[in-house]
Amino acid sequence: MKVKINGKVMEYRNVWMENGIVNMIDQTRLPFEFRIQKTKSYRETAEAIRKMQIRGAPAIGVAASYGLVQAALEFINLKPEEFWRKMEEVAQEFLNTRPTAVDLHNMVKRMMTKIKKAESPQQCLQIALSESQLIAEENAEACKKIGLLGRDLIKSGDGVLTHCNTGALGTVDYGTAISIIKFAHYQGKKFIVLATETRPWLQGRLTDWELTQEDIEHYIIADAAAGYYMDRGEVQIVLVGADRILPNGDVINKIGTRILAVLAHENNIPFVVAAPTTSIDLFPKAENIKIEERDTKEITHIKGYNEETKELQTLRLYLTDRVKNPVFDITPAKYISKIVTEKHIIEPPYNLKKQLQN
Ligand code: MRU
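Caption draft 1: Up close: the pattern of salt bridges. Scanning the entire structure with this criterion turns up 23 salt bridges. Here Arg43 makes a salt bridge to Glu74, at a shortest N to O gap of 2.7 Å. One end of the pair, Arg43, is in helix H1 (residues 42-50); the other, Glu74, is in helix H2 (residues 57-75), with 31 residues separating them in the sequence. A relative accessible area of 41% places Arg43 in the partly exposed class. Judged by relative accessible area, which is 39%, Glu74 ranks as partly exposed. Among the salt bridges present, the one from Glu89 reaches Arg85, with a minimum N-O distance of 2.7 Å. Remark: Arg85 and Glu89 occur in helix H3 (residues 80-97); sequence separation between them is four residues, near one turn of the helix.

Have a look at this one:
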C-alpha cells in the first residue's frame, strides 16, 4: 500500500514477518502516528490482535499464522510430545483472541493441518514458515483480484458509501471493499467516497488515512448520516467487507452494517460485500458463530490526539457503566446485491457451496 512519509511515497504491507519478528502497522496510533509494531513472541502477537494493533479479518488470520511460526521457534527444543501439545495450546489461544472472523479460524486450521505432517519440531518450523508466507501472499493476491474484478461496479460520478476499514490495513495489502475503490480510482474514474466513522472504535479514521495516502476524494460522515445522503441521491453503491459469510449469503460484519443494508434496500441502492474466499464459512456450526463483545470502555471513553502535547489521550464520555458493546452484526442475504470474491462476483439467490464450485 502507498504510505506518504515526509513527502515521499513508500510501499508497505500491513503485516509481514522477518527473522522471527512480526511487523505490523500499529492501528491504534493511526492516523496520528505511522508506527510499525514489532512482536517478538507468539504471546505479543496474540496481544496485538486482542488490542487491535492489527485488525480486519484477513489481517488477524495472517498475524496468527506468523504467531504459530514464533511458537514453533520458541518450543523447538522440547520433546516432540510436549512440542505438539504446546502448539495446540497456542493455536487455541489465537482462536480465542477475536472470535468472530472466520479467516482467523480458516488460516490457523490450515497452518495446523500442514504442520501436523511434519516428522520433527525442526521440520514443523520450516513448514510453518513457508505456509504462513504462502497464506500472506495468497491474501494479497486475492485482495488485488477483488479490486480488479469489482472495479467496474463503480462509475464516474458515483457516491460510494463504505463502513469500517476494509483497506490494506485490514488485510495484507490492497483491502477488500477498499480494493474495489482503489482499482476504480486507478482507472481514472472520478467519484466521491462517504466513509462512516464507525463508532465506537472509529475505524473510519483508518479509512480516512488510507484514502488520503491514495489521493481518493472522500468525506467522513457520522454513522447516523448515511440515510440522509441516500435520501438525497448522493449514494449510488454501498461497499462493505465481511468477517464471516455463511453459505446462504448472510454476512457477519462490523456493527452497523445491517442498518446500512436495510437502508440501502429501502432506497434501491446496490449493497455489495467484498471478501476473499477465506472469509467464507462453508460449513458453519452454530456453536462457532460468536459475536464478539468488547470492553465497554470503547464506548464510555474516547481516544484522541492532544495537539498541544502531541500525544494520544483518553477521555471519559459517559458516567454510566451500563453499556453494551457488540462489535459485529448479521446482515440477512436478502439485503445483499452481490458478493465479490477473488474468484467471482456472486449474485442472489445465494448458495455459496454450489456457487463457489464453478
Ligand atoms: O473489528 P475490526 O476492525 O477487526 O472489524 C473489521 C471489519 O469488520 C471489516 O469489515 C472486515 O474485517 C472485513 S475487511 C478487512
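Caption draft 2: Quick peek at the site of the ligand. Near the ligand, the surroundings consist of 16 residues, among which Arg55, Arg98, Asp243, Asn253 and Lys254 are the closest. Between Gly56 and the ligand, the recorded distance is 2.9 Å, taken from a backbone N or O atom to an oxygen atom. Ala57 is positioned such that a nitrogen or oxygen atom in its backbone is 2.8 Å from an oxygen atom of the ligand. Coverage of the ligand by the protein chains reaches 99% of its 410 Å² of free accessible surface. Looking at the shell around the ligand, the elements with two or more residues in it are H2 and strand E11 (251-254). Each residue belonging to the shell around the ligand can be placed in one class, and the counts come to six nonpolar, six polar and four charged. Three or more residues apiece are contributed to the shell around the ligand by two domains, here domain 1 (2-144) and domain 2 (150-355).

Caption draft 3: How the structure looks around the pairing of strand E4 (residues 21-25). Burial analysis of E4 places four of its five residues in the buried class, which makes it a mostly covered element. In the sheet, strand E3 (residues 15-18) pairs with E4 via four bridges, with the strands oriented antiparallel. Within the sheet, the bridge partner assigned to Val15 lies in E4 and is Met24.

Caption draft 4: A look at helix H4 (residues 102-115). For H4, built from 14 residues, the straight-helix expectation of 20 Å at 1.5 Å per residue is met to within 8% by its first-to-last C-alpha distance of 20 Å. Residues Val102, Asp103, Leu104, Met107, Val108, Met111, Met112 and Ile115 constitute the buried set of H4.

Caption draft 5: How the structure looks around the nonpolar core. Grouped together as the largest cluster of nonpolar side chains are 44 residues, with contacts concentrated most on Val15, Ile54, Val62, Leu68, Met87, Phe94 and Val108. Formed by 28 residues, the second largest nonpolar core is a distinct cluster that contains Leu161, Val235, Ala242 and Leu356.

Caption draft 6: Focus on helix H7 (residues 204-213). Within H7, seven of the 10 residues are buried, leaving the element largely enclosed by the surrounding structure. Within the sequence span of H7, burial applies to Gly204, Leu206, Thr207, Trp209, Glu210, Leu211 and Gln213. Tucked inside the fold, the buried residues of H7 contact strand E1 (2-5), strand E6 (159-162), helix H6 (177-186), strand E7 (192-196) and strand E8 (218-221). Just downstream of H7 lies Asp215, where phi reads positive at about 55°.

Caption draft 7: Seen up close, the pairing of strand E5 (residues 36-39). The alternating pattern of E5 places Gln37 and Thr39 on a buried face, while none of Ile36 and Lys38, on the opposite face, is buried. Sheet analysis places E4 next to E5, joined by four bridges and oriented antiparallel. Bridging from a neighbouring strand, Ile25 pairs with Ile36 of E5.

Caption draft 8: Expanded view of the environment of Ala91. Here Ala91 lies in helix H3. Judged by its relative accessible area of 4%, Ala91 is buried.

Caption draft 9: Structural view of the domain arrangement of the protein. Here the protein is partitioned into domain 1 (2-144) and domain 2 (150-355). Averaged C-alpha coordinates put domain 1 and domain 2 at centres separated by 23 Å. Tallying the contact residues gives 39 residues for domain 1 and 44 residues for domain 2. Overall, the association of domain 1 and domain 2 removes approximately 3,600 Å² of surface from exposure, summing both partners, and the carbon and sulfur fraction of that is 57%. For the pair domain 1 and domain 2, the interface holds 22 residue pairs in polar contact (both at pLDDT 80 or more). When residues of the side of domain 1 that touches domain 2 are traced back to their parent elements, those giving at least two are E1, H2, H4 and helix H5 (121-150). No other element matches H5, which puts six residues into the side of domain 1 that touches domain 2. Looking at side-chain class alone, the side of domain 1 that touches domain 2 contains 21 nonpolar, eight polar and 10 charged residues.

What counts as what
- Residues numbered from 1 in each chain as written.
- Predicted model: local features only at pLDDT ≥ 70, side-chain atom pairs only at ≥ 80, totals over all residues.
- Heavy atoms only, no water.
- Salt bridge = Lys/Arg side-chain N within 4 Å of Asp/Glu carboxyl O.
- Helix = DSSP H or I, 4+ residues; strand = E, 2+ residues; numbered from the N terminus.
- Buried < 20%, exposed > 50% of the residue type's maximum accessible area, 1.4 Å probe, protein only.
- Near = heavy atom within 4 Å.
- Polar contact = N/O pair within 3.5 Å; in protein donor to acceptor, adjacent residues only side chain to side chain.
- Areas by Shrake-Rupley, 256 points an atom, 1.4 Å probe, with all protein chains shown as cover.
- Nonpolar A, V, L, I, M, F, W, Y, C, P; charged D, E, K, R; others polar.
- Domains from an automatic or database assignment.
- Pairing = 2+ DSSP bridges.
- Expected span 1.5 Å × (residues − 1).
- Core = buried A, V, L, I, M, F, W, Y, C linked by side-chain atoms within 4.5 Å.
- Contact = heavy atoms within 4.5 Å.
- Buried area = accessible area lost by both parts, 1.4 Å probe.

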